[in-house]
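Observations on the model geometry
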4 protein chains.
Amino acid sequence: MYYQFRNDYSELVSPEILRFIEEIALEQNVGYGLDKHSVEAEKLILEKFGLDNGAVFFMLGGTQVNMVTLSYLLRPYEGVIACDTAHINGHETGAVEGSGHKIYTSKNVDGKITPEDIRRCVRLNHDCHTVKFTTVYISNATESGTIYTKDELLALRKVCDELGLFLFMDGARMGVALTSRKNDVDCKLIGEVCDAFYISGTKNGMLSGEALCFKNKKVAEDFRYQIKNKGGMLAKGFLVSSQFECAFRDDLFFRLAKNSNDQADYIKDSLKGVCEFTNESPTNQIFLRFKKADAEKIMENFGAEPWEDQGEHMVIRLVTSFNTKKEDCDKIIEFIKGL
Amino acid sequence: MYYQFRNDYSELVSPEILRFIEEIALEQNVGYGLDKHSVEAEKLILEKFGLDNGAVFFMLGGTQVNMVTLSYLLRPYEGVIACDTAHINGHETGAVEGSGHKIYTSKNVDGKITPEDIRRCVRLNHDCHTVKFTTVYISNATESGTIYTKDELLALRKVCDELGLFLFMDGARMGVALTSRKNDVDCKLIGEVCDAFYISGTKNGMLSGEALCFKNKKVAEDFRYQIKNKGGMLAKGFLVSSQFECAFRDDLFFRLAKNSNDQADYIKDSLKGVCEFTNESPTNQIFLRFKKADAEKIMENFGAEPWEDQGEHMVIRLVTSFNTKKEDCDKIIEFIKGL
Amino acid sequence: MYYQFRNDYSELVSPEILRFIEEIALEQNVGYGLDKHSVEAEKLILEKFGLDNGAVFFMLGGTQVNMVTLSYLLRPYEGVIACDTAHINGHETGAVEGSGHKIYTSKNVDGKITPEDIRRCVRLNHDCHTVKFTTVYISNATESGTIYTKDELLALRKVCDELGLFLFMDGARMGVALTSRKNDVDCKLIGEVCDAFYISGTKNGMLSGEALCFKNKKVAEDFRYQIKNKGGMLAKGFLVSSQFECAFRDDLFFRLAKNSNDQADYIKDSLKGVCEFTNESPTNQIFLRFKKADAEKIMENFGAEPWEDQGEHMVIRLVTSFNTKKEDCDKIIEFIKGL
Amino acid sequence: MYYQFRNDYSELVSPEILRFIEEIALEQNVGYGLDKHSVEAEKLILEKFGLDNGAVFFMLGGTQVNMVTLSYLLRPYEGVIACDTAHINGHETGAVEGSGHKIYTSKNVDGKITPEDIRRCVRLNHDCHTVKFTTVYISNATESGTIYTKDELLALRKVCDELGLFLFMDGARMGVALTSRKNDVDCKLIGEVCDAFYISGTKNGMLSGEALCFKNKKVAEDFRYQIKNKGGMLAKGFLVSSQFECAFRDDLFFRLAKNSNDQADYIKDSLKGVCEFTNESPTNQIFLRFKKADAEKIMENFGAEPWEDQGEHMVIRLVTSFNTKKEDCDKIIEFIKGL
């Protein structure tokens, strides 16, 4: 069987992370995120993102982090602004609404929201008959594999400052965003422009786990209560935080993400001119358009996912991971060239 | 430093479970619980508990399982019956109420609820001005370390049948309940009397993870939507299910639990007559009453938790785990005898 | 001061309704909707709408009825399909989402949803990562003043039957819909095609009050609990039901609505060719487009509401009521002609 | 048929209130509580209760006011402290929990909560595993018909100040509390000790309606959004506020309540020594204990409600209203004496 390009969470854990898990397997730690690994991982992340006054919480599951955080930030009659392709809008089974809050969506531009979309949404509210939209949700990398530029992020920060909005970044694929060859954003800028963001380990070689960062720890004062109230508090908090400690003490996190990008770039470069790319994702998701019969062959052999059924044609998605190897890529490249 | 008796989730993972994780670390599996380990683990558990027509879901976190399950079973105006010491009542930061449902509580009898308590609650509702209580929550082992007997469970089932109630068992400490020397309940009986129950790995040597079992898979038809809606769906479902596969294919689950009980029994037997036990927990929680100064020494040295401040005296809790060793027990026994 | 055309809920109550209130002012009735007026009003409404097996509930407030009903019908992971101009989407401050449910919206066609929109929405859901949309929300008259034709309603029923969806009609302006000169739908058809619908008295000469009708009383079995749980249960249920009794025992309800339509028609007929109508509302809402300065004069003098700011132009809305008189209309017609 | 003593909301409306409704029946007012009657009624109430900086909102339904207010004040992980007989605990079908919040209950003392109960509850919370209780709910008059004394209210205020708690008073029967012959509390004291309270018209001669008062209008800044989000915003806000304007411009509110109390006192004084009173309610609820056969006769003839079934005996409740007359009382007194 061929290596599968289905997604970046097919493989349980990278060897380096696993080695650290083994080291601490029988160590005794206090529960609920108050252990030394949580302290150390928080310190490493805050430093990396330049947050002097921040706080980090370790949770498990991106939908959970999004829902728990947004329902903490919002009052019952407040909502969140996102673009239509936002993960919270289309792929979380109504979790944000389930916690009581409306999502306003605008048409995405390459998977992104624009300052003008945000302004338009805020202008809609002039009295108590409409929701107050007080938080902006963005993903980086986006659901389309694209990434925000430095200028775009600064422009979003500006509009948020102007309108008094909270800026939250979903970093389910933060690793590949920050290590993309097209990226001009560094960790410090993320820490500067976002009021809160999370970094996912699930899609980057960890067993699973997310690190949610608040710029201002005062805002997060009661956040532990919120996590517990929503069922997200881990008895073994150190299960997640230890992985982040391992991943951030020597930039393993970025090396793992870089492999995903490198292999994706290799495939993209090799297939240039060979087949049709439906967008210019500079990260580890590749969107290709084929005649349906060809698409089906690729899906069957390489686990690619169907993305959009267009009648005679089909768009499929390939995803590389921390563990994808050049030889795996060669096989799918060859296969596609041979169609 | 001495071995700590703080709780049964201080140590990350048992060597046997870890070995299985290592084996499958780089294996590619499909996401969201549709992988082969989830299928296999479900099969093993259903067999063990005699469920011909059941369904198993793998989640992470006991509070999460309780909240997600109860809010799936209940309509907005329905509630759950429990005793006052129930974990959902006192230690989950209002997660069940947060999902919209009232908990009716009666005074516990040794950590348990009685058929008469259930009847009393149901009688309270005779029109639309009070909540309809349609589900009963019990824990086994209870929060006090006690366990339900076969007769008690059959009596609860009887009253639930009579009144049309759903019986849910929180098995955060199911392992030590089923392997206690006082236990007369087997897995098959659990499967027979409960409409749903969960088995926790978190407190029994797994990295973390819970297996929620429904007796009737028809009832659970939409449960995957519910998990996702509440933020509990794991991308890497196999992180949890593979641990259960490992733990149930040769009864490792019960051997790990038995060690917790054996060590606790050894401590209890050794301290009989030496100090005061506040209840007769036949599982891995031990509740002892000391003069405050002595209690503090034990807590400081062995990580015991304060349970009840009684002025001059203090009740403390010791907990043993899958990894507690006889020599660790000897040290605390000696220490207490020497006070 | 001129008569105000701001909306149809500016005047508290019609003389006929008030007379009935006076008659029963000191009569003693049992509480919570179990009184004789509620029984009688339910009977009259069920007969009118041809519901042999239905149930009627009297509540107060359209947003309340929408939210209480939808959150009764939907499970946590289910949602409702509507068009973008739907009242629940844009003018209820996120009440439906506040009760935990996502609204899927499609672009309206003259304020309406089409069968194809519904199909498109349902096709989006193929696994547990998206919301299950199980209920369709329509308004009649719509928020744009338009009305559904018999053929349109039958087509919606057909698609709902095909896809297993529940069809709910918001009748905040049901009276003017059913008495419009363009209408080809009768009460019996409403009762036939809708699974539930409500009839509003608030915008049709009552003090306030809504009658929610379920086609199948079995579906509504626990609905009284739901009303109370959401804070909508009236101690003096007869306050609302007595008004419906009065309005439905000799078709006063329809006479009041007809006056709204007649006066609106008179204005529309008189202004044909004089100014620009932005849509062809056949009910008591009239949407007119003016140069901004003219619009402002009309708003200032006649309480018309701004509907859409188009830069140099402005769309304004005029609304007639049960109490609007021909001479009031003459004044605004003359005023507009004189601009 | 005899006059019914079932409750104080059996009669729709007092003649004085009705006369005012008639006066304004066809007047045109702006919607959603922004009309002149709402402004005037707010002014009158703020003056009466000595609130220089307060805000008043007019809603309809006590359960609604309780739920909307508490879910506005509380964050998701916060809860409310009450006594076990509190209306929100036992007679609102889980509305507060339905909005996501836990109620902590202590055993009532004559229907009241004590400062020590409040302290005990707050002490239970020392970390994120338990709910933060930040609001205290009391009723005056209580569900048992008793009333708080000046000293009791000042003591509650003191403990709330000390612990940083918000004090909310449910005034479903505020009228009879303030006009009871045993009362030593005036409106100004209510305004001084409570952070928020509501005054009910439903049980005091109005068609229906509640006035919710916040001491500090800054706290209520977004409250109109909250009302709408929870389905409690009235299009015809003036339906409720006009009644309060009428009731407070010349103390009609207190005259209506005084009649309820006077008639109840007359019954109590007349039956002293004749039958057994189960508590000393100084307001319009009278709790009497009879042999079951006698209780049934009274219930059948006078609409008294069963309160507690004690086997051979039964406690029943009689309630007087704004419209109860001395001759009605004479009949029930005579009837009871004749048993």
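Relevant structure appears above.
The structure displayed is predicted, hence computed values, not measured ones.

A short note on the interface of chain C and chain D
Counting residues at the interface gives 47 residues for chain C, matched by 47 residues for chain D. Note on chain C versus chain D: buried area summed over both sides is about 4,200 Å², and carbon and sulfur give 60% of it. Counting across the interface, chain C meets chain D through zero salt bridges. Our enumeration of links across chain C and chain D arrives at 26 residue pairs in polar contact (both at pLDDT 80 or more).

Looking at the packing of helix 6 (residues 115–124) of chain D against helix 7 (residues 150–163) of chain D
Residues and elements named next belong to chain D. Where helix 6 meets helix 7, the axes come as close as 9 Å, and the angle between the chain directions of the two elements is 20 degrees. When the axis of helix 6 is compared with that of helix 7, the two are roughly parallel. In the packing of helix 6 onto helix 7, the handedness of the crossing is right-handed. Contact residues: Pro115, Ile118, Arg119 and Val122 in helix 6; Ala155, Leu156, Val159, Glu162 and Leu163 in helix 7. When grouped by side-chain class, the residues that make up the contact of helix 6 with helix 7 number seven nonpolar, no polar and two charged.

Points about the interface of chain A and chain B
Many descriptions give the size of an interface as the accessible area lost when the pieces come together. With 47 residues of chain A in contact, the opposing surface of chain B contributes 47 residues. Counting the surface lost from both chain A and chain B, the interface buries some 4,200 Å², and carbon and sulfur atoms represent 61% of this. Of all residues in chain A, the largest losses of buried area upon contact with chain B belong to A:Leu12, A:Gln28 and A:Lys236, amounting jointly to 18% of the total for that side. Taken together, the connections running from chain A to chain B amount to zero salt bridges. Taken together, chain A and chain B are joined by 26 residue pairs in polar contact (both at pLDDT 80 or more). When residues of the side of chain A that touches chain B are traced back to their parent elements, those giving at least two are helix 1 (15–24), helix 3 (62–73), helix 5 (95–98), helix 10 (223–229) and helix 11 (238–249) of chain A. Of all the elements, helix 1 of chain A adds the most residues to the side of chain A that touches chain B, at five residues.

Remarks on the relation of the copies chain C and chain D
What relates the pair of chain copies is a rotation about an axis plus a shift along that axis. For the pair chain C and chain D, the relating rotation is 180 degrees, the translation along its axis is 0.0 Å, and the fit reaches an RMSD of 0.0 Å. Overall, the copies show the geometry of a two-fold rotation axis. Here 100% of the contact residues of chain C are again contact residues in chain D; the copies associate through an equivalent surface.

As for the relation of the copies chain A and chain B
Expressed as a screw transformation, the operator carrying chain A onto chain B has a rotation angle of 180 degrees and an axial translation of 0.0 Å, and the superposed copies differ by an RMSD of 0.0 Å. Both copies share a contact surface, since 100% of the interface residues of chain A are interface residues in chain B too.

Quick word on the pattern of salt bridges
Considering all chains together, one arrives at 101 salt bridges over all chains under this definition. The shortest N-O distance in the salt bridge between A:Arg157 and A:Asp161 comes to 3.0 Å. Of the two residues, A:Arg157 and A:Asp161 are both situated in helix 7 (residues 150–163); the distance of four residues between them amounts to about one turn of the helix. On the basis of relative accessibility, which here comes to 12%, the residue A:Arg157 falls in the buried class. When the shortest N-O distance is used, the salt bridge between D:Lys218 and D:Glu221 registers 3.0 Å. Across this residue pair, the class does not change: D:Lys218 and D:Glu221 are exposed.

Describing the pairing of strand 2 (residues 78–83) of chain D
Residue and element names in this part refer to chain D. Of all six residues in strand 2, six are buried, a share of seventy percent or more. Bridge count between strand 2 and strand 4 (residues 132–139): four bridges; the pairing is parallel. Across the sheet, the residue bridging to Gly79 is Phe133, located in strand 4. Relative to strand 3 (residues 103–106), strand 2 runs parallel, the two sharing four bridges.

Each value, and the rule that gives it
Starting from 1, residues in each chain are numbered consecutively following that chain's sequence as written. Written order decides the labels, with chains lettered from A and ligands numbered from 1. Since the coordinates come from a predicted model, pLDDT governs what is reported: local features require at least 70, and pairs of side-chain atoms require 80 or more to be given and counted, while whole-chain, interface and lining totals use all residues. Note that water and hydrogens are dropped before the side-chain values are worked out from all heavy atoms of the structure. Contacts were defined at the residue level, with two residues in contact if any of their heavy atoms lie within 4.5 Å. Summed over both partners, the accessible surface that disappears when two parts come together, traced with a 1.4 Å probe, is what is meant by buried area. We count a salt bridge whenever a side-chain nitrogen from Lys or Arg sits within 4 Å of a carboxyl oxygen from Asp or Glu. Identification of polar contacts relies on pairs of N or O atoms within 3.5 Å, with a donor-acceptor requirement for protein atoms, meaning one able to donate a hydrogen and the other able to accept it, and with residues adjacent in sequence counted only if both atoms are side-chain atoms. Axis definition: a line fit to C-alpha positions, over the contact stretch in the case of helices; interaxial angles, taken between N-to-C directions, run 0 to 180 degrees. Strands are runs of DSSP state E lasting at least two residues, helices are runs of H or I lasting at least four, and both sets are numbered from the N terminus onward. We call two directions roughly parallel when the angle between them is under 35 degrees, roughly antiparallel when it is over 145, roughly perpendicular when it lies between 65 and 115, and oblique otherwise. Two helices crossing with the near one rotated counterclockwise from the far one by less than a right angle form a left-handed crossing, whereas a clockwise rotation gives a right-handed crossing. As a working rule, the residues Ala, Val, Leu, Ile, Met, Phe, Trp, Tyr, Cys and Pro are called nonpolar, Asp, Glu, Lys and Arg charged, and the rest polar, with Gly in that last group. Only residues with pLDDT of at least 70 in both copies count here: their C-alpha atoms drive the least-squares fit that superposes the copies. Working definition: with a 1.4 Å probe on protein chains only, accessible area under 20% of the residue-type maximum means buried, over 50% means exposed, and in between means partly exposed. Following DSSP output, two strands are said to pair if at least two bridges run between them.

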